[in-house]
Amino acid sequence: MKYLNLNWESLGTLLFNRAIELLWITVLFLILNRGALKIVRKLFKNYSERKSTDTARILTFGRLATSAVQYLTGFLYVYTVLGIFGIPVGNILAGAGIFGVALGFAGRDLVADMINGFFIIVEHQVNVGDLIRFENLEIEGVVKAVGIRSIT
């Protein structure tokens, strides 16, 4: 029956304070995410409107940059939330690093695909808006999105 001897008032205050912190952090990260995405989109839009640029390549890099911003803010949000609740994030990251190395050895093909996708983008081989045709399969289409691992 020692379980019922908790200080319920201090526990309620602690939970309320953590909930308020979580609410503030969520609002701040939403503002950060939207602001960063707006800045990235505006930069790439302004750059693509120049006459001497390749618009399709700029669109491709713009989509990659917006994805990177979303992943980065999401990671930082989760890191901050775990820190608020007192979870030792450093230990989790160390364990994730070890797990990542093991997964890297297991997923060499995935890493090779990602590196190849990076070079496809950097070397300007396929861009958004390009027409692709597979004559042997009688399939053709327009590139809608170019990512590290896939082309839509």
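Before reading on, note that the structure itself is shown above.
The sections below set out a description of the structure shown in this document.

Calculation notes
For every chain, the first residue of its written sequence is number 1, and the numbers climb from 1 along that sequence. At least 70 in pLDDT is required for a residue's local features to be given in this predicted model, at least 80 for side-chain atom pairs to be given and counted, and no such filter applies to totals for whole chains, interfaces and linings, which use all residues. Values shown for side chains rest on all heavy atoms present in the structure; no hydrogens or waters enter the calculation. The secondary structure listing takes helices from DSSP runs of H or I that are at least 4 residues long and strands from runs of E that are at least 2 residues long, numbered from the N terminus. Only C-alpha atoms enter the radius of gyration; for comparison, a globular chain is expected to reach 2.2 Å times N to the power 0.38, where N is the number of residues. Salt bridges are defined by distance alone: a side-chain nitrogen of Lys or Arg within 4 Å of a carboxyl oxygen of Asp or Glu. To qualify as a nonpolar core, a set must consist of buried Ala, Val, Leu, Ile, Met, Phe, Trp, Tyr and Cys residues joined through side-chain atoms within 4.5 Å. The rule is simple: take the accessible area with a 1.4 Å probe, protein chains only, and divide by the maximum for that residue type; under 20% is buried, over 50% is exposed, in between is partly exposed. Contacts: residue pairs with any heavy atoms within 4.5 Å of one another. For two strands to pair, DSSP has to find at least two bridges joining them. Working rule for helices: expected span equals 1.5 Å times residues minus one.

Scanning the protein for helices and strands turns up four helices and two strands. Tracing the protein from N to C terminus, the helices and strands come up as α-α-α-α-β-β. Against the globule reference of 15 Å for 152 residues, the protein gives a C-alpha radius of gyration of 23 Å, more extended than a compact globule. C-alpha atoms of the protein, sized along the principal axes, occupy 75 × 40 × 25 Å.

Here the focus is the pattern of salt bridges. One pass over the full model with this rule turns up one salt bridge. With a closest N to O distance of 3.1 Å, Arg133 and Glu140 form a salt bridge.

Moving on, we get to the nonpolar core. Among the nonpolar cores identified, the biggest contains five residues, and these are Ile121, Val126, Val128, Val143 and Val146. The residues contacting Ile121, other than those within four sequence positions of it, are Arg57, Thr60, Phe61, Leu64, Val146, Gly147 and Ile148.

This paragraph deals with the pairing of strand 2 (residues 139-142). As judged from the four bridges shared by strand 1 (residues 131-134) and strand 2, these two strands associate in the antiparallel manner. Looking at strand 2, one finds that Arg133 is bridged to Glu140. Between the antiparallel neighbours strand 1 and strand 2 lie four residues, among them Glu138 with a positive phi of about 55 degrees.

With 41 residues, helix 1 (residues 8-48) should cover 60 Å at 1.5 Å per step; its first-to-last C-alpha distance of 59 Å lies within 8% of that length. Turning to helix 1, its buried residues are Ile25, Phe29, Leu37, Val40 and Ser48. Of the surrounding secondary structure, the elements contacted by the buried residues of helix 1 are helix 2 (55-84).

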